[in-house]
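Descriptive structure summary
Listed below are the residues making up each chain.
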Amino acid sequence: MGYRTIVVGTDGSETATRALRTAARFAKKVDGQLILVSASGPIGFTDREADAVLAAGADAVRRDGVEAETVRREGDPDDVITGAAQQHEADLIVVGNVGMDRAGRLRRGGVPERVAIGAPSDVLVVNTASPRTPDLPDPLYRRILVGTDGSPTAQEAARKAFDLGMMLGIGVTVCYVAGDRLLGAIALEEAKKGKPRGLGVHTRLVEGEPAEQITALAEQEELDLIVVGNKGLAGARRVLLGSVPSEVAARAPTDVLIAKTVDRTVDDLAPGHGGIVAVDGRRLAVFKADDGSLVVLNPRCQHMGCTVDWNDAERTWDCPCHGSRYRHDGTVFQGPAKKDLDPERI
Ligand code: FES
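From a predicted model like this one, the values you see are computed outputs, not experimental measurements. (Residues numbered from 1 in each chain as written. Predicted model: local features only at pLDDT ≥ 70, side-chain atom pairs only at ≥ 80, totals over all residues. Heavy atoms only, no water.)

Brief notes about the overall build of the protein chain
When helices and strands are tallied, the protein chain shows 10 helices and 17 strands. Burial analysis of the protein chain (346 residues in total) assigns 54% to the buried set. Of all intrachain contacts in the protein chain linking residues separated by at least 6 positions in sequence, the fraction that spans at least 24 positions is 66%. (Helix = DSSP H or I, 4+ residues; strand = E, 2+ residues; numbered from the N terminus. Buried < 20%, exposed > 50% of the residue type's maximum accessible area, 1.4 Å probe, protein only. Contact = heavy atoms within 4.5 Å.)

What follows is the structure, encoded as structure tokens:
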């Protein structure tokens, strides 16, 4: 799951500046490239104003030791942000949470929520009203909370939370919210099986309404980053009931990472490319050669068990946690891992 390219939108407001500086600290931590995006248009900024906002944003993150690329595009802010993320193949979009409250959503849909729905990547929603400031010293986060209901999408969110915990060097609490304690205990055991070696994982079993319980637990235990899967963000159900991910993002006292959990399939891979794909409920690292033949691998890194990610520029499998790298056929060529990726069959 490496976060190689991180897009953050800015309009120069206080909330956007807080999101921007959190994005810069995050980019620094995970060694990602930061891209600042601003929208211009007939009812918004002129091109010159948008350029001034971008220049001020680039200066602000430079003071934090991060060099950012800037992009100005014409259009609605949410379209501009998701469009830039698509164009730059971003792995993460960062937005402030202003406008995610329920009243704002029902009235017109806040920019952050519309970004979260249209995003081609994970989305970090920064709680810009929190007393925590981007000027706080490291660590950026102290502990991650991820909710699970045992479903494949929740397991994928847990996997991303584990990999992020390894990247940031912090522990993860996995929480199951439901009435059935036996099923909950099984789901938590299942989730723990996917954890990389050496990662501190706690589990919690709570009852009640999921979004309420997840945010309450974060508050009680001072867990400062919540990870949720994005399933349920789109469609009629969101309008009628409010989905768990958007409810969590709207009410959380912390930052929330909405993890894109919908998997690609082998058919989605173009010849000459690789990717993590879903096959019969399994997640596999698959490289499709120019002649259509497949190299199928277990994506668990042989160092401590994080999930490798496809690096399209160099046609390698790279581990985001400690930098191990493997050729397209799974042969390790850079440690700390010492073994090749395990082959798999489909
Ligand atoms: Fe350490 Fe992959 S888990 S390099």
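Right, picking up where we left off after that structure.
Some words on the sheet that holds strand β9 (residues 225-229)
Strand order in the open sheet made by the 10 strands is β3-β2-β1-β4-β5-β10-β9-β6-β7-β8, with mixed pairing throughout. Edge positions in the sheet fall to β3 (68-74) and β8 (201-206), since each has one partner strand and no second. Shown here is a sheet whose adjacent strand axes are inclined to one another by a mean of 25°, direction ignored. In the sheet, strand β4 (residues 92-96) pairs with strand β5 (residues 122-126) via 5 bridges, with the strands oriented parallel. Looking across to β5, one finds that Val95 is bridged to Val125. Where helix α2 (residues 47-63) meets the sheet, its contacts fall on β2 (33-40) and β3, and the angle it forms with β2 comes to roughly 155°. (Pairing = 2+ DSSP bridges. Axes fitted to C-alpha atoms, helices over the stretch in contact; angles between N-to-C directions.)

Concerning a nonpolar patch on the surface
Judged by side-chain polarity, Leu182, Leu183 and Ile186 come together as a nonpolar surface patch covering roughly 310 Å² of accessible area. Within the element layout of this structure, Ile186 appears in helix α7 (residues 181-193). What makes Ile186 partly exposed here is its relative accessible area of 46%. (Patch = residues over 30% accessible without salt bridge, like charges linked within 9 Å, V, L, I, M, F, W, Y side chains within 5 Å. Areas by Shrake-Rupley, 256 points an atom, 1.4 Å probe, with all protein chains shown as cover. Salt bridge = Lys/Arg side-chain N within 4 Å of Asp/Glu carboxyl O.)

Remarks on the packing of aromatic side chains
For the coordinates displayed, the defined rule picks out 3 aromatic pairs. For the pair Phe287 and Trp310, a centre-to-centre distance of 5.5 Å together with 40° between the ring planes defines the contact as tilted. Residue Phe287 is found in strand β12 (residues 282-288), and its partner Trp310 is found in strand β14 (residues 309-311); the two are separated by 23 residues along the sequence. Taken as a pair, Phe287 and Trp310 share a single burial class, namely buried. By way of ring pairs, the aromatic residues Phe287, Trp310 and Trp317 are connected into one cluster. (Phe/Tyr/Trp six-rings, centres within 6.5 Å; stacked < 30°, edge-to-face > 60°.)

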